[in-house]
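Coordinates in review
Residues per chain, in single letters:
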Amino acid sequence: MNKNHLRLSKRLCGHHAYLPGEQPKSNLQVIKLNTNENPYPPSPSVQAAINQEIALLNLYPNPISGDLREVIADMHGLQASQIIVGNGSDDLLNLCVRTFSDDELKVGMLHPSYSLYEVLTSVQGSELIRVKFNDKDFTLNIADILASGTNLFFLTNPHAPSGKAYGLTQLRRLLKDYKGLLVIDEAYADFAPKNALPLLKEYENLIITRTLSKSYSLAGLRIGYAIGNPRIIEELDKVREVYNVDRLAQVGAKAALLDQKYFNECLKKVIDQRDLLAKVFEELGWPFIPSAANFIFVQPLGINGQASAKTAANLFHYLLENKILVRYFPKHPLTESYLRISIGNPSQMNKVVESIKEWTKKEKQR
Ligand code: PMP
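Below you will find a few notes about this structure. (Residues numbered from 1 in each chain as written. Predicted model: local features only at pLDDT ≥ 70, side-chain atom pairs only at ≥ 80, totals over all residues. Heavy atoms only, no water.)

On a plain count of helices and strands, the chain comes out with eleven helices and eleven strands. Taken against the 2.2 N^0.38 rule, which gives 21 Å for 366 residues, the C-alpha radius of gyration of the chain at 21 Å falls within 12% of a compact globule. Based on the C-alpha atoms only, the size of the chain along its principal axes is roughly 60 × 55 × 50 Å. When the 366 residues of the chain are sorted by exposure, 52% land in the buried category. If you take every contact in the chain between residues at least 6 apart in sequence, the share linking residues at least 24 apart comes to 72%. When the accessible area of the chain is evaluated, it comes to approximately 17,900 Å², of which 52% is carbon and sulfur surface. (Helix = DSSP H or I, 4+ residues; strand = E, 2+ residues; numbered from the N terminus. Rg over C-alpha atoms; globule rule 2.2 N^0.38 Å. Buried < 20%, exposed > 50% of the residue type's maximum accessible area, 1.4 Å probe, protein only. Contact = heavy atoms within 4.5 Å. Areas by Shrake-Rupley, 256 points an atom, 1.4 Å probe, with all protein chains shown as cover.)

Moving on to the site of the ligand. All residues adjacent to the ligand are Gly 88, Ser 89, Asp 90, Tyr 114, Thr 156, Asp 185, Ala 187, Tyr 188, Thr 211, Ser 213, Lys 214 and Arg 222. Within the side chain of Thr 211, a nitrogen or oxygen atom sits 2.5 Å from an oxygen atom of the ligand. Here the ligand, which alone exposes 400 Å², has 90% of that area covered by the protein. Within the shell around the ligand, the residues separate by chemical class into three nonpolar, five polar and four charged. (Near = heavy atom within 4 Å. Polar contact = N/O pair within 3.5 Å; in protein donor to acceptor, adjacent residues only side chain to side chain. Nonpolar A, V, L, I, M, F, W, Y, C, P; charged D, E, K, R; others polar.)

Another point: helix α1 (residues 44-53). For α1, the complete set of buried residues consists of Val 46, Ala 49, Ile 50 and Glu 53. In a view along the axis of α1, the buried residues occupy a sector of 95°, so they form one face of it. When the buried face of α1 is taken as reference, the exposed residues oriented beyond 90 degrees from it are Pro 44, Gln 47 and Gln 52. (Arc of directions from axis to C-beta.)

We now examine the pairing of strand β9 (residues 295-298). Alternating positions in β9 separate into two faces, Phe 295 and Phe 297 on one and Ile 296 and Val 298 on the other, with burial throughout. One ladder, built from four bridges, connects β9 with strand β11 (residues 339-342); its direction is antiparallel. Each residue of the ladder has a partner; that of Val 298, found in β11, is Leu 339. (Pairing = 2+ DSSP bridges.)

Within this structure, the stated rule accounts for 14 aromatic pairs. An angle of 75° between the planes, with centres 6.5 Å apart, marks the rings of Phe 153 and Tyr 178 as edge-to-face. Of this pair, Phe 153 sits in strand β5 (residues 152-156) while Tyr 178 is found in the loop between α6 (168-177) and β6 (181-185), placing the two residues 25 residues apart along the sequence. For the ring pair Trp 286 and Trp 359, a centre distance of 5.9 Å and an interplane angle of 85° mean the geometry is edge-to-face. Residue Trp 286 is located in the loop between α9 (260-284) and β9, and its partner Trp 359 is located in helix α11 (residues 346-365); the two are separated by 73 residues in the primary sequence. Among the aromatic residues, those joined into a cluster by ring pairs are Tyr 18, Tyr 114, Tyr 117 and Phe 154. Directly above the aromatic system of Tyr 40 lies the positively charged group of Lys 269, at a separation of 4.2 Å from the ring centroid. (Phe/Tyr/Trp six-rings, centres within 6.5 Å; stacked < 30°, edge-to-face > 60°. Lys NZ or Arg CZ within 6 Å of the ring centre and 35° of its normal.)

On to the nonpolar core, then. One broad rule of soluble globular proteins: the nonpolar side chains tend to lie buried together. Counting residues in each nonpolar core, the largest one holds 91 residues, and the members touching the most others are Leu 155 and Ile 341. With nine residues, the top contributor of residues to this core is α9. Among all residues touching Leu 155, those that are not within four sequence positions of it are Leu 110, Leu 140, Ile 145, Tyr 166, Leu 171, Leu 174, Leu 182, Val 183, Ile 184 and Asp 185. Ile 84, Cys 96, Val 119 and Ile 207 belong to the second-largest nonpolar core, a separate cluster that totals 23 residues. (Core = buried A, V, L, I, M, F, W, Y, C linked by side-chain atoms within 4.5 Å.)

Turning to a nonpolar patch on the surface, a few remarks are in order. On the surface, a nonpolar cluster with roughly 360 Å² of combined accessible area is contributed by Tyr 60, Val 242 and Tyr 243. Relative to the elements of secondary structure, Tyr 243 occurs in the loop between α7 (230-239) and α8 (247-258). (Patch = residues over 30% accessible without salt bridge, like charges linked within 9 Å, V, L, I, M, F, W, Y side chains within 5 Å. Salt bridge = Lys/Arg side-chain N within 4 Å of Asp/Glu carboxyl O.)

In sheet architecture, strand pairing relies on hydrogen bonds along the backbone and comes in two forms, parallel and antiparallel. Read across the sheet, seven strands follow the order β2-β8-β7-β6-β5-β3-β4 without closing on themselves; strand pairing throughout is mixed. With one partner strand each, in any of the chains shown, β2 (83-86) and β4 (128-132) form the two edges of the open sheet. When strand polarity is set aside, the average angle formed by the axes of neighbouring strands in this sheet is 25°. Two elements, strand β7 (residues 206-211) and strand β8 (residues 224-228), share five bridges in a ladder whose sense is antiparallel. Each residue of the ladder has a partner; that of Ile 207, found in β8, is Gly 228. In the packing of helix α2 (residues 66-76) onto the sheet, contacts are made with β2, β7 and β8, and the angle to β2 comes to roughly 125°. (Axes fitted to C-alpha atoms, helices over the stretch in contact; angles between N-to-C directions.)

Here the focus is the environment of Lys 331. Along the chain, the position of Lys 331 falls in the loop between β10 (324-325) and β11. When the C-alpha positions of Lys 331 and Pro 158 are compared, they lie 21 Å apart, and in sequence the two are 173 residues distant.

Let us look at the packing of α1 against α8. The description of two helices packed together rests on the angle between their axes and the distance between the axes. Put simply, α1 and α8 touch, their axes get as near as 8 Å, and they point 150° apart. Of the possible angle classes, the one that applies to α1 and α8 is roughly antiparallel. Handedness of the α1/α8 crossing: right-handed. Every residue of α8 that contacts α1 at Ser 45, Val 46, Ala 49, Ile 50 and Glu 53 is listed here: Arg 247, Leu 248, Val 251, Gly 252, Ala 255 and Ala 256. In terms of residue class, the contact of α1 with α8 is made up of seven nonpolar, two polar and two charged. (Parallel < 35°, antiparallel > 145°, perpendicular 65-115°, else oblique. Left-handed = near helix turned anticlockwise from the far one by under 90°.)

Right, dumping it as structure tokens:
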């Protein structure tokens, strides 16, 4: 193509797109444990609600997802004015960057954590400050976050990819002294014993983002929401795409949220499987970060009893050969010797454990 026809925005020189976890073709029959999806289908009431709505697709959706905001607000004991709904929580993370950062207002994130924050910040042309962890156990470095000089900070809690949960005492210390807006990305909070909702009454500089992609089995429908002070929500609403959530997503999400019985049943099954997998790693003597999410970040040990990038890569490929897809992050010293395994259903997890045990046997024979 002629170069003059493709004049990129200056901000995009050197920009790299987000690289999502692989989505293998459905006919390949792999056990897909690489993107923290829920192994169970959504509530049956989602299908019924969507079927009914199809006949209305000639009409635009409600631009503010009004009904859904009400349902979410009721569920959390909040006001609808504290809620904004998005096309997945990625949409809300994007809105935060658009609204609260520019060439002077910097963005911060834990490093490593969800790499989409970097991509969004790069598109906006804002400066990104990466705050490192205190140690290899992903201990939060509050002093460095406070000193980051950022106007917006993304704190993933439970953290991804480690699954570690940061407690309310730490979050309070941070919120009390942080001068910008703290976004607590709670994509995995439903799997955790605690969340940041009680802090909304105490601090105005807090935005919590949630998704229905994980705990509500709706990754394919694209629904997320953010909670915060009505003044914050008002500003985010000004930047939001007019019809950012389609009709099917609005009614499907509402149906899923209203079926709390089904939600709690699935949640329990996932948490039970997570705890069983943790026991297996304990028995194997493999280090892992105690997880408050729907995945476990584990450090496989080689025959010499040592963890290494080579060992993690080796197990990753072995599992892949056995049609089990997990996630490997080779690019950072804190993650290169780990694998992140999403929690599946009991039969998938049996297969994973079986394959891991076969791999350890093979390693011993080498
Ligand atoms: N935050 C974190 C930490 C995630 O891992 C994900 C899923 N990749 C998201 C947000 C986005 O979720 P969604 O856009 O599907 O709501």
